[in-house]
Amino acid sequence: MKKKIGIVGSGTAGLHLAYALRKDFDLTVFHSSLPEEIRKGRIMSTQVHFGPTRLRERRFHMPEWEATPLLESIHITVGDQKLFVGRLKESASSIDQRLYFSHCIEDLKEKGVVFHYAKVDEEQLRKLTSDFDLIIDCSGKSGPLFSFPLNIPLSPFHQPQRKCAVGYFTGITPEKPLGVNVTILPEIGEMFEIPAMTEEGQVSILFLMPIPNQKLDVFKGIKSGEEFTARMKVVLESFFPNIYERVEEENFSLSDEGAFLQVAIKPEIRKPYLTFNDRLVVGCGDSVFLNDPITGQGCNLGSYCAEKLYETLIENKDTGWDSQVGESYWERVKPYVKEVTEWTNAMTQPIPQHIIELLVQGAEDQSIADNVAEWFAQPTTAHEAFFQKTNI
Ligand SMILES: Cc1cc2nc3c(=O)[nH]c(=O)nc-3n(C[C@H](O)[C@H](O)[C@H](O)COP(=O)(O)OP(=O)(O)OC[C@H]3O[C@@H](n4cnc5c(N)ncnc54)[C@H](O)[C@@H]3O)c2cc1C
C-alpha cells in the first residue's frame, strides 16, 4: 500500500512536491483558497524562476508556458551609472503566481491528486498527523504551522531589512535584451524591473525595495491602485530616470486591480523537521526557509528543497519515516540553504568594497558581467564571491 502524504499549502513548494510525489504516494493537498479565488486575487511575488528551477519543473512534468517572455540577462545600474548587461547561461521566466498556482492546481486535480480547499487550523493539524504517514508544511511566509526550531546563526535580524512595493504595469517599454533590470541606489534601496506574463498578457513588474525610513520609503498609507500608480510614477521620475524615459504616459497603469502589493519580510531559517505525536512532520519553502526577496531566491530555493525532499522520501520509500529521515533531508539541503541565506542577508547590508570593485570591472569585462548575472541562477557562486573573495 502506498504511504499517505498530506501537503498543506500549494504555492511554489507545495506544487513542486505534488508533481514530484504524486505517482509514488497517496497524496492529499490542503489549500486555503479555490483556484478561481487565486486567479482573481492579489499578486503575491515577482517570481523569477531561473534555469535550474525551470529544469526541475521539466523534470517533474509541470505545465509548460509557451507564451512566456524569456529573460536572458541581468542589467546592473549603480547610482546613475549603468554598468553592464550580464548574460544568463539559461533563460529565466516570471509567470504571475495567480496564473501559475491556479493552473497547476487544476492540472493536478485532473491528474487525480485530491485537493481540500480550506485553511487548516490547529485542531485539524493535530488530526492530520494521525491520518497521514507524513505532513509537509508548505504554508509559506504565513507559517510555519508547526514550531520548527529557529536556526539562530542564520536568522540574525529582528526586523525586515527592506520594504517591498510591487506593481504589475502596462505602458513601459522593456529594456533590450529582455532581462531583470536591477538599479541599486546605495543607502536608500533598490528597484527591480522584470518582464512577466499574466493572464492578461505581458507586463512590466516594478519591484521597489526601500530601506525603511530612508528616501525611497514613500508608500506608507497607500491603499488604492490609483494612489499606488501615482506614487510609483513620482518615484520613477525622481529616482529611476532610466525607467521613466521608457514610460508611455497615456498607457501607464496597473495591469488589473489586484496587481499591487506591499509587504515586508523578516527573514527566518528553521530546522525543517520535528515529530508530532510520534509522526514525522517536515517543512519546505518559506515556512522554514524565509529570506528577504532581494536576491529573488525564494521560489528557486523552495523548488531546490522540494527536489531534495522528494529524493529523500523516494530513497526511504519502504522504511518507516522518523526523525532520521527528517535529519537526512536537512543534511541534504543545509549547505545550500546556508549559502543562499548568507548571500541574501549580505545583499540587504551595505555592499562590500570588493563587490563594488567587481561590479565596476564588469563594465569593462563581459565575462565578469556574465558571472555576476549567473549569481542569481547559481547563488553558491555569489556566496563564493562575497565571502571567499576569490576571482569569480
Ligand atoms: C515581493 C516579493 C517578490 C519576490 N520575488 C521573487 C523572485 O523574483 N524569485 C523568487 O524565487 N522568489 C521571489 N519571492 C519569494 C517567493 O515568492 C516565495 O519564496 C515562494 O512563493 C515561496 O513558496 P512557498 O510554497 O513556500 O509559499 P507560497 O508560495 O507563499 O505558498 C504558500 C501557500 O500556502 C497557503 N496556506 C498558508 N497557510 C495555510 C493553511 N493553514 N491552510 C491551507 N493553506 C495555507 C497560502 O495561501 C499560500 O498560497 C518574492 C517574494 C516577495 C514577497
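Residues numbered from 1 in each chain as written. Predicted model: local features only at pLDDT ≥ 70, side-chain atom pairs only at ≥ 80, totals over all residues. Heavy atoms only, no water.

A. Seen up close, the site of the ligand. In the region of the ligand, 34 residues are neighbours, and Ser-32, Ser-45, Thr-46, Asp-286 and Cys-299 sit closest. Here a nitrogen atom of the ligand and a side-chain polar atom of Thr-46 are 2.7 Å apart. A distance of 3.1 Å separates an oxygen atom of the ligand from a polar atom in the backbone of Gly-296. Coverage of the ligand by the protein chains reaches 92% of its 1000 Å² of free accessible surface. Of all the elements in the fold, those that place two or more residues in the shell around the ligand are helix H1 (12-21), strand S2 (26-31), helix H4 (97-110) and helix H8 (298-315). Per-element tally for the shell around the ligand: the top contributor is H8, with 3 residues. (Near = heavy atom within 4 Å. Polar contact = N/O pair within 3.5 Å; in protein donor to acceptor, adjacent residues only side chain to side chain. Areas by Shrake-Rupley, 256 points an atom, 1.4 Å probe, with all protein chains shown as cover. Helix = DSSP H or I, 4+ residues; strand = E, 2+ residues; numbered from the N terminus.)

B. Summary view of the nonpolar core. Ile-74, Leu-206, Leu-208, Phe-228, Phe-240 and Trp-375 are the most contacted members of the largest nonpolar core, which totals 64 residues. Per element, the largest residue contribution to this core is 6 residues, and it comes from strand S11 (residues 201-210). Each of domain 1 (4-47 + 96-157 + 266-347) and domain 2 (164-263) contributes no fewer than three residues to this core. Core analysis: the next-biggest nonpolar cluster, separate from the first, contains 63 residues, Val-8, Val-120, Cys-284 and Val-325 among them. (Core = buried A, V, L, I, M, F, W, Y, C linked by side-chain atoms within 4.5 Å. Buried < 20%, exposed > 50% of the residue type's maximum accessible area, 1.4 Å probe, protein only. Domains from an automatic or database assignment.)

C. Broad picture of H8. When the terminal C-alpha atoms of H8 are compared, their 26 Å separation across 18 residues agrees well with the 26 Å that a helix rising 1.5 Å per residue should span. For H8, the buried fraction is high: 14 of the 18 residues fall into the buried class. (Expected span 1.5 Å × (residues − 1).)

D. Quick look at the pattern of salt bridges. Counting across every chain of the model gives 25 salt bridges. In this structure, Lys-317 and Asp-24 form a salt bridge, with 3.0 Å as the shortest nitrogen-oxygen distance. With Lys-317 in the loop between H8 and helix H9 (323-347) and Asp-24 in the loop between H1 and S2, this residue pair connects regions lying 293 residues apart in the sequence. By relative accessible area, Lys-317 is classed as partly exposed at 29%. The class for Asp-24 is partly exposed, based on a relative accessible area of 23%. Across the pair Glu-36 and Arg-39 runs a salt bridge whose closest N-O atoms are separated by 3.0 Å. Note that Glu-36 and Arg-39 are positioned in helix H2 (residues 35-40) at a spacing of 3 residues, about one turn of the helix. (Salt bridge = Lys/Arg side-chain N within 4 Å of Asp/Glu carboxyl O.)

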